[in-house]
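Notes for the structure review
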Amino acid sequence: MDVLEAIQTRHSTRAFEDRPVDKETLTKIVADAQHTPSWGNSQPWKVYIATGKSLDNIKQRFASNAEDGVAENADLYKVHRGDFSSFASQNMGHWVGTFRPVIESDPDSYWDSRGNLYRAPAIAYLVLDADPNSWSIYDLGAFSETLMLSATGREVQSLASYELVKYPDVIRDELGMPKNKVIAMGIALGYEKSDKKLNAYRSDRVSTDQILKIVD
Ligand SMILES: Cc1cc2nc3c(=O)[nH]c(=O)nc-3n(C[C@H](O)[C@H](O)[C@H](O)COP(=O)(O)O)c2cc1C
């Protein structure tokens, strides 16, 4: 698959098959992501991948925290729609409007999948050292996209989701991660369930002329 095809076909997968991704493939995906450029080649990222027993434990503890009403406390705190620009907020509203009918068409599947961290067989946690500056967060965002494009090219599907990082202490504990590491994002990796309406959904984008100005 060439790079343009990977860019144009990557999409968020919200229900995965019960089939592991082998460690060699996971390692290659992360090695590809290391080609991402970064400020001064600082390469501020670290990646912890939960699979097998550690991931089962994370899924179980996330589910029981949610059931017990434990407050979410993601390291990069949750931002609400009203805290975005009006343009971004409008786009989010549009996305919710197109995605909600998908949830409503089969709510049990959606909530079951989300409540079990999309049943992903692997979750890559993207981690920064304490007090990351804005450039490290910028660099990590780029790393995240390279990782997902590599996954696409290797026929592994992905989802970056806040849901995967909302109880970071559980993740640090299960993965033996030092307490001062910032878990910026989680990316679910696996093989897409093909029978799901959830996975047939594709988000759209604003027209390019709304975000681009070329000046002669
Ligand atoms: C930082 C970030 C957080 C996200 N959190 C969620 C989430 O909590 N739940 C979800 O269903 N999708 C989540 N997504 C996926 C976005 O909804 C998705 O990327 C967007 O709608 C565009 O769709 P696409 O990835 O299929 O192109 C997140 C994506 C990013 C980059």
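Computed from a prediction, not measured in an experiment: that's the story for all the values here. (Residues numbered from 1 in each chain as written. Predicted model: local features only at pLDDT ≥ 70, side-chain atom pairs only at ≥ 80, totals over all residues. Heavy atoms only, no water.)

1. Side note on the overall build of the protein
Within the protein, the regular secondary structure consists of eight helices and four strands. Reading the secondary structure of the protein in the N-to-C direction produces α-α-β-α-α-α-β-α-β-α-β-α. The dimensions of the protein, computed from C-alpha atoms along their principal axes, are 55 × 45 × 40 Å. Residues counted as buried form 39% of the 216 residues belonging to the protein. Looking at charge distribution, the protein has the averaged site of its 25 positive side-chain charges lying 2 Å from that of its 31 negative ones. (Helix = DSSP H or I, 4+ residues; strand = E, 2+ residues; numbered from the N terminus. Buried < 20%, exposed > 50% of the residue type's maximum accessible area, 1.4 Å probe, protein only. Lys, Arg positive; Asp, Glu negative; His and termini not counted. Charge placed at Lys NZ, Arg CZ, Asp CG, Glu CD.)

2. As for the site of the ligand
The ligand sits among 14 residues. The nearest are R10, S12, R14, S203 and R205. A distance of 3.1 Å separates an oxygen atom of the ligand from a polar side-chain atom of S161. When the ligand is considered free in solution it has 620 Å² of accessible area, and contact with the protein chains removes 67% of it. In this structure, the ligand is accommodated by the largest pocket. Taken together, the residues that form the shell around the ligand break down as six nonpolar, four polar and four charged. (Near = heavy atom within 4 Å. Polar contact = N/O pair within 3.5 Å; in protein donor to acceptor, adjacent residues only side chain to side chain. Areas by Shrake-Rupley, 256 points an atom, 1.4 Å probe, with all protein chains shown as cover. 1 Å grid on protein atoms, 1.4 Å probe; cavity = no way out; pocket = protein on both sides within 12 Å on 5 of 7 lines; lining within 4 Å. Sits in = over half its atoms within 2 Å of the grid points. Nonpolar A, V, L, I, M, F, W, Y, C, P; charged D, E, K, R; others polar.)

3. A look at unusual backbone geometry
You will see that L117, though not glycine, has its phi angle at about 50 degrees, which is positive. Positive phi is not limited to glycine here, since R119 has a value of about 55 degrees. Take R119: it is sitting in the loop between helix 5 (107-115) and strand 2 (122-128).

4. Overview of a nonpolar patch on the surface
Taken together, the side chains of F87, I211, L212 and I214 present a nonpolar region at the surface, about 430 Å² in accessible area. When you line up the elements, F87 lands in helix 4 (residues 86-105). Judged by relative accessible area, which is 34%, F87 ranks as partly exposed. (Patch = residues over 30% accessible without salt bridge, like charges linked within 9 Å, V, L, I, M, F, W, Y side chains within 5 Å. Salt bridge = Lys/Arg side-chain N within 4 Å of Asp/Glu carboxyl O.)

5. As for the packing of aromatic side chains
The way to describe two aromatic rings as a pair is by their centre distance and the angle between their planes. Tallied over the full model, the rule gives eight aromatic pairs. For the ring pair W95 and F99, a centre distance of 5.2 Å and an interplane angle of 15 degrees mean the geometry is stacked. Residue W95 and its partner F99 are both found in helix 4; the two are separated by four residues, about one turn of the helix. By relative accessible area, which is 33% here, W95 ends up partly exposed. (Phe/Tyr/Trp six-rings, centres within 6.5 Å; stacked < 30°, edge-to-face > 60°.)

6. Comments concerning the sheet that holds strand 1 (residues 46-50)
Spatial strand order, 1-2-4-3: four strands in an open sheet with antiparallel pairing. At either margin of the open sheet sits one strand with a lone partner, and together these are strand 1 and strand 3 (157-160). Across this sheet, the average inter-strand angle for adjacent strands is 25 degrees, counted without regard to direction. Taken together, the four bridges between strand 3 and strand 4 (residues 182-190) define a ladder with antiparallel strand orientation. Its bridge partner being in strand 4, S158 is matched across the sheet by L189. Where helix 6 (residues 134-153) meets the sheet, its contacts fall on strand 1, strand 2, strand 3 and strand 4, and the angle it forms with strand 2 comes to roughly 160 degrees. Against the sheet, helix 7 (residues 168-175) contacts strand 1, strand 2 and strand 4, and its axis sits at roughly 75 degrees relative to strand 4. (Pairing = 2+ DSSP bridges. Axes fitted to C-alpha atoms, helices over the stretch in contact; angles between N-to-C directions. Contact = heavy atoms within 4.5 Å.)

7. Things to note about the layout of surface pockets
By volume, the largest pocket is sized at about 1,900 Å³. Broken down by secondary-structure element, the contributors of at least two residues to the lining of the largest pocket are helix 1 (3-9), helix 4, helix 5, strand 3 and strand 4. Here the residues of the lining of the largest pocket sort into 24 nonpolar, nine polar and eleven charged. Counted as a void, the second largest pocket has a volume near 330 Å³. Lining the second largest pocket are 20 residues, and of these D18, D56, K59, A120 and P121 sit closest to its centre. Considered class by class, the residues forming the lining of the second largest pocket number seven nonpolar, four polar and nine charged. (Points joined across faces, edges and corners; volume = space filled by probe spheres on them.)

8. Concerning helix 4
Between its first and last C-alpha, helix 4 extends 29 Å over 20 residues, near the 28 Å set by a 1.5 Å rise per residue. Considering bend angle alone, the principal kink of helix 4 is centred on F99 and spans about 30 degrees; proline P101 follows within four residues of it. Of all the residues in helix 4, the buried ones are S89, F99, V102 and I103. (Expected span 1.5 Å × (residues − 1). Bend = angle between axes of the 7 residues up to and from the residue.)

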